[in-house]
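# An overview of the molecular structure
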Amino acid sequence: MMRPRLGRLLGAGLMASLMVAGTGCKKGEDSGAKSGAPAAAPASEGAAAPSRAPAPSSAGRGTPAGAGQGLLLAAGRAADLRLTSDGRYATYLLNGQKPRLDGVPPQMLLGELHVVPVEGGEPRKLGDSVTNVPGGLLFSADSKHALYLTGYNAASQSGALNVAVLDDPKAEPAVLGTAVSYMLPSPDGTKLAFVDGGKLKLGPLPSGPFVDVAAEVSTAQFTSDSKTLLLKRRLSAAGGLAAVSVDKPEEAPRKLADQVGDYAVSPDGQRVAFQVRSESVRGLYDLYLAELPAQKPKRLAVAAQAFGFSPDGKWLARSENGKPDVPGDLYVGPASGGPGRKVGERVEIFSFSPDSQAVGFLDKYDVTARAGLMAVASLPDGAPKRVGDRVPNFVWGSDARYVAFLSRFLKPEYSVDLMLYPLGAEKAEKVHRGVFGYGFVPGNGQVVFRANCIRNGRACDFKALELPQKEDPKTWLQGIFSYKLSADGQRVLATSARMDSDTYDIAVYDAKTQARKPLDQGVQVPVYFGGKDDSRAVYIIAQGPKAGVYSVSTLP
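Rules used throughout
- Residues numbered from 1 in each chain as written.
- Predicted model: local features only at pLDDT ≥ 70, side-chain atom pairs only at ≥ 80, totals over all residues.
- Heavy atoms only, no water.
- Helix = DSSP H or I, 4+ residues; strand = E, 2+ residues; numbered from the N terminus.
- Buried < 20%, exposed > 50% of the residue type's maximum accessible area, 1.4 Å probe, protein only.
- Contact = heavy atoms within 4.5 Å.
- Areas by Shrake-Rupley, 256 points an atom, 1.4 Å probe, with all protein chains shown as cover.
- Salt bridge = Lys/Arg side-chain N within 4 Å of Asp/Glu carboxyl O.
- Phe/Tyr/Trp six-rings, centres within 6.5 Å; stacked < 30°, edge-to-face > 60°.
- Lys NZ or Arg CZ within 6 Å of the ring centre and 35° of its normal.
- Disulfide = S-S within 2.5 Å.
- Pairing = 2+ DSSP bridges.
- Axes fitted to C-alpha atoms, helices over the stretch in contact; angles between N-to-C directions.
- Polar contact = N/O pair within 3.5 Å; in protein donor to acceptor, adjacent residues only side chain to side chain.
- pLDDT = per-residue confidence, 0-100.

### Some remarks on the overall build of the protein chain
- Within the protein chain, the regular secondary structure consists of one helix and 42 strands.
- A total of 556 residues make up the protein chain; the buried ones form 56% of that total.
- Here the analysis covers contacts within the protein chain between residues at least 6 apart in sequence; of these, 41% occur between residues at least 24 apart.
- Split by element, the accessible area of the protein chain, about 23,200 Å² in all, is 50% carbon and sulfur.

### Some words on the environment of G239
- Position of G239 among the secondary structure elements: in the loop between β14 (228-233) and β15 (241-245).
- With relative accessibility at 1%, the residue G239 sits in the buried group.
- G239 sits 22 residues away from V217 along the chain, and the two C-alpha atoms are 8.7 Å apart.
- Once you skip the residues sitting within four places of it in the chain, G239 turns out to touch K232, R233, R234, D258, Q259 and V260.

### A few points about the pattern of salt bridges
- Taken as a whole and assessed by the stated rule, the structure comprises 16 salt bridges.
- Across the salt bridge formed by R271 and E291, the nearest N and O atoms sit 3.0 Å from each other. On the criterion of sequence distance, the pair formed by R271 in strand β18 (residues 271-277) and E291 in strand β19 (residues 285-291) is long-range, its members being 20 residues apart.
- Salt bridges linked by common partners bring R498, D500 and D505 together as one network.

### So, the packing of aromatic side chains
- Using the criterion set out here, one finds eight aromatic pairs in the structure.
- Through pairs of rings, three or more aromatic residues link up here, namely F462, W476, Y483 and Y509.
- In this structure, K430 packs its charged tip against the face of F409, placed 4.0 Å from the ring centre.
- The residue whose ring lies beneath R458 is F481, and the NZ or CZ to ring-centre distance is 5.6 Å.

### Focus: the side chain of T223
- Structurally, the position occupied by T223 is in the loop between β13 (217-222) and β14.
- Owing to a relative accessible area of 0%, T223 belongs among the buried residues under this scheme.
- Not counting the four nearest positions on each side in its chain, T223 is found in contact with P187, T228, V265, G269 and L292.

### Notes on the state of the cysteines
- Scanning the entire structure with this criterion turns up one disulfide.
- The disulfide that involves C453 links it to C460, with 2.0 Å between the sulfurs. Given an S-S torsion of about 115°, the disulfide between C453 and C460 has right-handed geometry.
- Using a relative accessible area of 12% as the deciding quantity, one classes C453 as buried.

### Some points on the sheet that holds β15
- Sheet architecture is open: four strands sit in the order β13-β14-β15-β16, paired in antiparallel fashion. In this open sheet, the two edge strands, each paired with only one partner strand, are β13 and β16 (254-257). Across the sheet, the axes of successive neighbouring strands diverge by a mean angle of 25°, strand direction being ignored.
- Examined bridge by bridge, β14 and β15 share five bridges and lie antiparallel to one another. When the bridges of β15 are listed, L230 appears paired with A243.

### Structural notes on the sheet that holds strand β22 (residues 315-320)
- The sheet built from four strands is open, its strands ordered β21-β22-β23-β24 with antiparallel pairing. One side of each edge strand has no neighbouring strand; the edge strands of this open sheet are β21 (307-309) and β24 (341-344). For this sheet the average axis-to-axis angle between neighbouring strands, irrespective of direction, equals 25°.
- Across three bridges, strand β23 (residues 329-334) lies against β24 in antiparallel orientation.

### Let's talk about the environment of Q446
- Mapped onto the elements, Q446 comes out in strand β34 (residues 446-454).
- Linking Q446 and P468, residues 22 residues apart in sequence, is a C-alpha distance of 8.2 Å.
- If sequence neighbours within four positions are ignored, Q446 has contacts with G439, F440, V441, A464, L465, E466, L467 and W476.
- Separated by 3.3 Å, the side chains of Q446 and E466 make a polar contact.

### Regarding the pairing of β34
- Most of β34 is tucked away, with seven of its nine residues classed as buried.
- Linkage of strand β33 (residues 435-440) to β34, two consecutive antiparallel strands, is achieved through a turn of five residues, within which G443 is found at a positive phi near 90°.
- Relative to strand β35 (residues 459-466), β34 runs antiparallel, the two sharing seven bridges. By the bridge assignment, V448 is partnered in β35 with A464.

### Let's talk about the pairing of strand β11 (residues 199-204)
- Sheet topology places strand β10 (residues 191-196) next to β11; six bridges connect them, and they run antiparallel. Along β11, the bridge assignment pairs A193 with L202.
- Once β10 ends, the chain turns through two residues before running back antiparallel as β11, passing G197 with a positive phi of about 60°.
- By the bridge criterion, three bridges tie β11 to strand β12 (residues 211-214) in an arrangement that is antiparallel. Paired with L200 across the two strands is A214, which belongs to β12.

### Quick notes on the environment of V302
- Structurally, V302 can be placed in the loop between β20 (298-301) and β21.
- Judged by its relative accessible area of 22%, V302 falls in the partly exposed class.
- In sequence terms V302 and G328 are 26 residues apart; their C-alpha atoms lie 9.4 Å from each other.
- Ignoring sequence-local partners within four residues, the contact set of V302 consists of S278, S280, V281, Y285, D286, E320, N321 and G322.

### Description of the confidence of the model for the protein chain
- Of all residues in the protein chain, 89% attain a pLDDT of 70 or more, and the chain-wide mean is 89.
- Throughout residues 33-60 the model reports pLDDT below 50, and contacts reaching past four residues in sequence, or to other chains, amount to 71 contacts.

### Examining unusual backbone geometry
- The residue after L379, namely P380, is reached through a cis peptide bond having omega 15°.
- As for its placement among the helices and strands, P380 is situated in the loop between β27 (371-378) and β28 (385-391).
- Residue P468 is reached from L467 by a cis peptide bond, and omega for that bond is -5°.
- Here P468 lies in the loop between β35 and β36 (474-480).
- One non-glycine residue, D80, adopts positive backbone phi at about 55°.
- Within the secondary structure, D80 sits in strand β2 (residues 78-83).
- Its relative accessible area of 2% is what places D80 among the buried residues.

Here's what the structure looks like:
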């Protein structure tokens, strides 16, 4: 589902998104359906959420005596830990400092970027004055290349674009541009698009040659098949949207429209849906659809605020006839652009099931309360079924058999409870009251959640409900702050907030053997699974004489 674009530049919007991954929820706060982070804030795509600037150690709040039990990968005051998608390499900033510029977010850092294998090896310095702002460091999809901005200028929100080959520690990084404000590797990991001084360039990784595609460009996006590049021009260039062939970047971009808001590419890369500023409803956008390579767009809806393609690319859902302060009604139609069927009223949040056979949405959404009626409609022609009230968020299970959601209950006392709806059932069933953060285990064997929280959400029970439901949820862990699930869903990497310092202890839980294994103490969140088959935990100790980047085995 797409909403009006906030921008993908390294700008104020993204700066404001700098948050600590794994932050706990305050008591009484609705927590989203996030696996691994108890907070409802979304994680950035393509890169790990930046970590907080390390706090200086002080008497009485330093590193616990038992800290540093793992393998020391690199010593020093580190921050902004990130891992490649294959889990083989970790990057981090050393000696991070806040830029000397008024108005930047307090979490923003500039530091020395380093990379090290998570199994152990010699750390390698990649560059200086690298930022932790989202978009300042990316990895190619195949984890072979790191792309990052050195000499980052917080005022202009740009820097020198470098590309490093991670598998070759002796190779010098290639400098591709000097005033780069945006960069994006292709989904197949072979191409790179970046904006240097407002000019969009496109070429093969790691070092080009790169072709000048267009000027006055703010952002760009590849289609999923990496065959077409969509480019969004700056407002000074009418905010236009255009498309160019990746194989023929020297050809002139094919213009789709001006005054474009957000846009979404179908999963098969054959179509693009986009918003154009409405001429009939002030302050809103109409929805258009174009086949790719760029054909003449056609208008689908007036005052469309939310829209998105189904995972199989067969359906396109969109809100229609909205108002500036009231969401529009939800329609679902063929992705080719045919008429849509109305399934909901005043819908701002919706999501297709993973198998594209149903759509879930929050009906009659209250913008002030940020909640609506949980509803599900089977496709293509199933009647909508309402299964929950006062729902702020929901999530589909990976096999599309279940929908989990939170519901706010007012009696006998206020409580935010976890509900579970098996698709096709008469009603949803309550899983547990007072839930903070929830999600499905990979493979949908269980739905997991945090509950019975104390210390303002910093210490909670971690529970799991076996699916299909046959008995009450079981408590896997107690006193946890955050969690991450291994790719196979068999292990849980959990943190526990300490009371003697602003640090955390980490442990791994084996769902099969029900064994809990302590790993280390006094670490910073977030922590990550890394290595082959998630065999290691990777984390930072930010305070005291044992400060550095560590990894430790998560296996029995």
